[in-house]
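Structural features, examined
Listed below are the residues making up each chain.
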Amino acid sequence: MKRFLAGVLITLAVVFIIRSCKDEKASKAILEENSMLIQTQIENVSKLIVTEGHFAEVYNYKDSKELFGPLLTADKKALVVVNADVSISYDLSKVTFELDEPNKTLKITGIPEPEIKLNPDFEYYDVTADYLNQFDAGDYNTIKRNIRNSLLKKVEASTLWTNAKNRLLSELQKFYVLTNSLGWTLVYQDRSIESAADFTILP
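Residues numbered from 1 in each chain as written. Predicted model: local features only at pLDDT ≥ 70, side-chain atom pairs only at ≥ 80, totals over all residues. Heavy atoms only, no water.

- As annotated in an unreviewed UniProt entry, the protein is DUF4230 domain-containing protein from Maribacter flavus.

Here's the deal with a negative patch on the surface
- There is a patch of like negative charges on the surface, built from E52, D85, D121 and E123.
- Tracing the backbone through its elements, the reader meets E123 in strand β5 (residues 115-129). (Patch = residues over 30% accessible without salt bridge, like charges linked within 9 Å, V, L, I, M, F, W, Y side chains within 5 Å. Areas by Shrake-Rupley, 256 points an atom, 1.4 Å probe, with all protein chains shown as cover. Salt bridge = Lys/Arg side-chain N within 4 Å of Asp/Glu carboxyl O. Lys, Arg positive; Asp, Glu negative; His and termini not counted. Charge placed at Lys NZ, Arg CZ, Asp CG, Glu CD. Helix = DSSP H or I, 4+ residues; strand = E, 2+ residues; numbered from the N terminus.)

Section: the confidence of the model for the protein
- Mean pLDDT over the protein: 77, with 75% of residues reaching 70 or higher.
- Looking across the protein, the model is least confident in helix α1 (residues 2-44), with a mean pLDDT of 53, and most confident in helix α2 (residues 137-156), with 90.
- With pLDDT under 50 throughout, residues 4-26 is counted as low confidence; its partners more than four residues away or in other chains account for zero contacts. (pLDDT = per-residue confidence, 0-100. Contact = heavy atoms within 4.5 Å.)

Structural notes on unusual backbone geometry
- Unlike most non-glycine residues, D126 shows phi in positive territory, near 50°.
- Relative to the helices and strands, D126 is located in strand β5.
- Positive phi outside glycine occurs at Q189, with the angle close to 55°.
- Within the secondary structure, Q189 is located in the loop between β6 (185-188) and β7 (191-192).

Digging into the environment of K65
- Topologically, K65 is positioned in strand β1 (residues 48-66).
- On the basis of relative accessibility, which here comes to 41%, the residue K65 falls in the partly exposed class.
- Through-space distance from the C-alpha of K65 to that of D130 is 9.7 Å; in sequence the pair is 65 residues apart.
- Setting aside residues no more than four positions away along its own chain, K65 makes contact with L72, T73, A74, L132 and N133. (Buried < 20%, exposed > 50% of the residue type's maximum accessible area, 1.4 Å probe, protein only.)

As structure tokens, this is what we get:
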């Protein structure tokens, strides 16, 4: 009788061990599958978020060159009208993240800087220059550089910039939907995201 009971106990122990191993392998397989799914989805989600706009600028350029002191100068000036198409994009393929498989946590460690592209069209009017102070390549480069800086300030102060950030937030919210559906925790800016509304963009 004792041998019979011992045999039954040994058999149950073996069955329990085998089932535990199978369950552990199945759990590990599901975990690895979820990890691969998360990585694939992050790589595939909207590579670029683009917001486009149009800006116009009227720029007055003037340069004076002293010939014999301040009493005699040679002047040159130009009126420049600029129409520029502007786009702001985030390359989400550059999002950096860490996967903590044992704790089922996805941590977003960094998002790319916005990429601003300017495509200006310059039209020059009323270009005049004294004989001793002619326009050269340096003047045109200065005009383009000054106009570009002015346009960048306008873009950053416009709704275009805000719209681009909002589009970025909408894409990051997809990470929350994905991780939440798989039973994972999403961490962003060192805090757990409990809902899509928790996303904010640091200045």
